[in-house]
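Coordinate analysis (summary)
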Amino acid sequence: RRQAASKKAALQSKSEHSEIMRAYKHIAQIQSQLGTDERLDDALVTFKAMRDHAKTDQEEAEVYKDIGIIYLRQGNLNAAVQALEEAVDIYPEVRKGYSNLAIAYTRQLNHKQALASYELALDVEPESASLHTNYGITLAQLQDWTHARMALKEALRLDPTHAAARANLDKVEE
């Protein structure tokens, strides 16, 4: 009987924790969607509070990823890279962790690091036409035309209507 009560309390506690984390995330998303610098700062504060409540590596990594995305939106690339690197270090399978890290590296003009992150992102999401497109664009920036063409063609195989892949493939093939 005591064991059943203990299990029930643990489930309730886990459920309450999940609700708190969802509420924090919802608030932060609303704040970040408003788009002003002040709202983005508020979203950062909310995400940082979430970080203090994270109970699993996956939750903590998601929070760091969200913080990194806010920093990307603010143009604070060094802070974005730091947060996103933390996210993938904690939990490498964090959804969109490596792809956002690759974007941050690309904006820093650190194309080699961006390529490495895109490759890891493609391991997690091999069916993403957008990832193949961004990977191809980065390869083209490094003048690796053969591999850029291959990546952009793969993006179009996955999504024949992907306009950015088509436009960049046309540029690469000129």
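Residues numbered from 1 in each chain as written. Predicted model: local features only at pLDDT ≥ 70, side-chain atom pairs only at ≥ 80, totals over all residues. Heavy atoms only, no water.

Helix and strand counts for the protein chain come out as 9 helices and 0 strands. For the protein chain, the residues scored as buried account for 40% of the 174 residues in total. Considering only residue pairs separated by 6 or more positions, the protein chain has 44% of its internal contacts joining residues 24 or more positions apart. When the accessible surface of the protein chain is summed, it comes to about 10300 Å², and 49% of that surface belongs to carbon and sulfur atoms. (Helix = DSSP H or I, 4+ residues; strand = E, 2+ residues; numbered from the N terminus. Buried < 20%, exposed > 50% of the residue type's maximum accessible area, 1.4 Å probe, protein only. Contact = heavy atoms within 4.5 Å. Areas by Shrake-Rupley, 256 points an atom, 1.4 Å probe, with all protein chains shown as cover.)

Next up on the list: the packing of helix H7 (residues 129-141) against helix H8 (residues 145-158). Relative to each other, H7 and H8 sit at 165 degrees, their axes nearing to 8 Å. Put simply, H7 runs roughly antiparallel to H8. Like other packed secondary-structure pairs, H7 and H8 cross with a definite hand, here left-handed. Note on element contacts: H8 touches H7 through Trp145, His147, Ala148, Ala151, Leu152, Glu154, Ala155 and Leu158, opposite Ala129, His132, Thr133, Tyr135, Gly136, Ile137, Leu139 and Ala140. Here the residues of the contact of H7 with H8 are counted per class, giving 11 nonpolar, 4 polar and 1 charged. (Axes fitted to C-alpha atoms, helices over the stretch in contact; angles between N-to-C directions. Parallel < 35°, antiparallel > 145°, perpendicular 65-115°, else oblique. Left-handed = near helix turned anticlockwise from the far one by under 90°. Nonpolar A, V, L, I, M, F, W, Y, C, P; charged D, E, K, R; others polar.)

Moving on to empty space enclosed by the protein. One pass over the full model with this rule turns up 1 cavity of 30 Å³ or more. Of the pockets and cavities examined, the largest cavity occupies roughly 30 Å³. Around the largest cavity, the lining residues are Pro92, Val94, Lys96, Gly97, Tyr98, Ser99, Ala121, Val124 and Glu125. The leading source of residues in the lining of the largest cavity is helix H5 (residues 97-107), at 3 residues. A breakdown of the residues in the lining of the largest cavity according to their chemical character gives 5 nonpolar, 2 polar and 2 charged. (1 Å grid on protein atoms, 1.4 Å probe; cavity = no way out; pocket = protein on both sides within 12 Å on 5 of 7 lines; lining within 4 Å. Points joined across faces, edges and corners; volume = space filled by probe spheres on them.)

To continue, consider the pattern of salt bridges. In the structure shown here, the tally under the stated rule is 5 salt bridges. Of the charged contacts in the structure, one is a salt bridge between Lys153 and Glu173, with a shortest N-O distance of 3.9 Å. Residue Lys153 is located in helix H8, and its partner Glu173 is located in the segment after helix H9 (163-172); the two are separated by 20 residues in the primary sequence. Among the residues examined, Lys153 registers a relative accessible area of 46% and is labelled partly exposed. Across the salt bridge formed by Arg157 and Glu154, the nearest N and O atoms sit 2.7 Å from each other. Placement of both Arg157 and Glu154 in helix H8 is noted, with a separation of 3 residues, approximately one turn of the helix. Salt bridges sharing common partners tie together Arg95, Lys96 and Glu125. (Salt bridge = Lys/Arg side-chain N within 4 Å of Asp/Glu carboxyl O.)

A few words now on the nonpolar core. Counting residues in each nonpolar core, the largest one holds 39 residues, and the members touching the most others are Leu72, Leu101, Ala104, Tyr118, Tyr135 and Leu139. Ranked by the residues each element gives to this core, the list is headed by helix H4 (residues 77-90), at 9 residues. If we ignore the near neighbours within four places in the chain, the residues touching Leu139 are Leu115, Asp144, His147, Ala148 and Ala151. (Core = buried A, V, L, I, M, F, W, Y, C linked by side-chain atoms within 4.5 Å.)

Position of Thr133 among the secondary structure elements: in helix H7. Taking relative accessible area as the criterion, Thr133 reaches 1% and is therefore assigned buried. Within the structure, Thr133 has its side chain in polar contact with the backbone oxygen of Ala129 (distance 2.8 Å). Beyond its immediate sequence surroundings of up to four residues, Thr133 is in contact with Leu152, Ala155, His162, Ala164 and Ala165. (Polar contact = N/O pair within 3.5 Å; in protein donor to acceptor, adjacent residues only side chain to side chain.)

With that settled, the discussion passes to the confidence of the model for the protein chain. Per-residue pLDDT for the protein chain averages 83, and the proportion of residues at 70 or more is 74%. Confidence, expressed as mean pLDDT per element, reaches its minimum in the protein chain at helix H1 (residues 2-34) with 55 and its maximum at H8 with 97. A low-confidence stretch, residues 8-12 (pLDDT under 50), is modelled with 0 contacts involving residues beyond four sequence positions or located in other chains. (pLDDT = per-residue confidence, 0-100.)

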